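The primary structure of each chain is shown beneath.
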Amino acid sequence: MELRHLRYFVAVVEEQSFTKAAEKLFIAQPPLSRQIQNLESELGIALFERGSRPLKTTQAGYFFYQHAVKLLANAEEVKSMTKRIGLVERTVTMGFVGSLLYGLLSKIVYLYRQQQPHLKIELVEMTTLEQVKALKEGKIDVGFGRLRISDPALKRILLREERLMMAVHASHPLSLKKEGVYLSDISDENIFLYPSHTTPSFATQVQALFAEYNLEPKNIRLVREIQLSLGLVAAGEGICIVPESAKSIQLSHLLYIPILDETAVSPVFMTIRNLDESEDIMSLIDCIYQVYDLEAIKYDRNLI
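Nothing here was measured: the structure is a model prediction, and the numbers come from that model.

Caption draft 1: Expanded view of the overall build of the protein. Helix and strand counts for the protein come out as ten helices and eleven strands. Taking 19 Å as the expected radius of gyration for a compact globule of 304 residues, we find that the protein reaches 32 Å, considerably beyond that expectation. C-alpha extents for the protein along the principal axes are approximately 100 × 40 × 30 Å. Within the span of the protein, comprising 304 residues, buried residues form 45% of the whole. Excluding contacts between residues fewer than 6 apart, the proportion of contacts in the protein whose partners are at least 24 apart in sequence is 72%. Charge centroids of the protein, computed over 34 positive and 37 negative side chains, lie 6 Å from each other.

The following block contains the structure:
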């Protein structure tokens, strides 16, 4: 006895006609009749009252029908659950630098989870250099960072360039320049940069930006992370340069002022293995640009 035999039997019972059941099943009536006869022979009982119009089951046939329906439903449930379990075993692991969570990365990941519910998504905070190593070793599938690090084994995609801002205490004289400041206006200030534990990093990126304008800040202090640097600024200890998305971090007496220099931007890169064009990665890229469209953020998709 096979599942198809149960389906044939259930169709005949529910249609109360071999002819109608055959049409529903898209098979000819004679083969259907033979299959039901073979089923009765295997069971050693009659399942239908011969000659009845409309066709009726025997008492044993009705009992068999009730359990056949349950067996078919269970088979479909097992099939569906097995597929879902198989899909859940697919995992996409993302490496990211911490500051990106204050921007759009959290929205992108949330949308990705909604659109790909069968995937297991894991987030791992790591520096851009650590992401490069983890990608090549197969420990992560995609990395999000801010540094231009090239490697022949990896493909780097520029998602966008985020404007830089100065975080300053509300009592600081520079806080009056609501329209914005230039790097030359702040090079003599006490400047907090982060992180302090790796190079290259966002801190070295900002220092290179000063050098590009032939500026050499004398009072730079490196701290562990963005939250600490902003906390020190809120305490009136100095200023800090951060990506625009850091504006979501709100502390008492803390203001964010645009930096007006043309190249005062921090790029946001997505990095994948060079030959990885899997469906999961392509779906993630689509999610990124869906969020950018919703946020009215300019981007160049031709860079992919």
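After that view of the structure, there is still more to cover.
Caption draft 2: Here's a closer look at helix α9 (residues 226-234). Every buried residue of α9 is listed here: I226, S229, L230, L232, V233 and A234. Looking at the packing, one finds that the buried side of α9 touches β6 (154-169), β7 (191-193), β8 (220-222), β9 (239-243) and β10 (254-258). Downstream of α9 by one or two residues, G236 has phi in the positive range, about 85 degrees.

Caption draft 3: Highlighting the packing of aromatic side chains. A complete count under the given rule lists six aromatic pairs for this structure. The structure contains a cluster of three or more aromatic residues connected by ring pairs, namely F9, F18, F48 and F64. For the cation-ring pair, R156 lies above F269, with the distance from its terminal atom to the ring centre recorded as 4.8 Å.

Caption draft 4: Region of the structure containing the pattern of salt bridges. Summed over all chains, the structure comprises 18 salt bridges. A salt bridge links E295 to K107, with the shortest nitrogen-to-oxygen separation between them at 2.8 Å. Separated by 188 residues along the polypeptide, E295 in the segment after α10 (279-294) and K107 in helix α5 (residues 105-115) bring together distant segments of the chain. Here K136 and D151 are joined by a salt bridge, their closest N and O atoms 2.9 Å apart. Of the two residues, K136 sits in helix α6 (residues 128-136) while D151 sits in the loop between β5 (142-145) and β6, which places them 15 residues apart along the sequence. Given the relative accessible area of 48%, K136 is considered partly exposed. Residues participating in the shared-partner salt-bridge network are E14, E15 and K24.

Parameters at a glance
Residues numbered from 1 in each chain as written. Predicted model: local features only at pLDDT ≥ 70, side-chain atom pairs only at ≥ 80, totals over all residues. Heavy atoms only, no water. Helix = DSSP H or I, 4+ residues; strand = E, 2+ residues; numbered from the N terminus. Rg over C-alpha atoms; globule rule 2.2 N^0.38 Å. Buried < 20%, exposed > 50% of the residue type's maximum accessible area, 1.4 Å probe, protein only. Contact = heavy atoms within 4.5 Å. Lys, Arg positive; Asp, Glu negative; His and termini not counted. Charge placed at Lys NZ, Arg CZ, Asp CG, Glu CD. Phe/Tyr/Trp six-rings, centres within 6.5 Å; stacked < 30°, edge-to-face > 60°. Lys NZ or Arg CZ within 6 Å of the ring centre and 35° of its normal. Salt bridge = Lys/Arg side-chain N within 4 Å of Asp/Glu carboxyl O.

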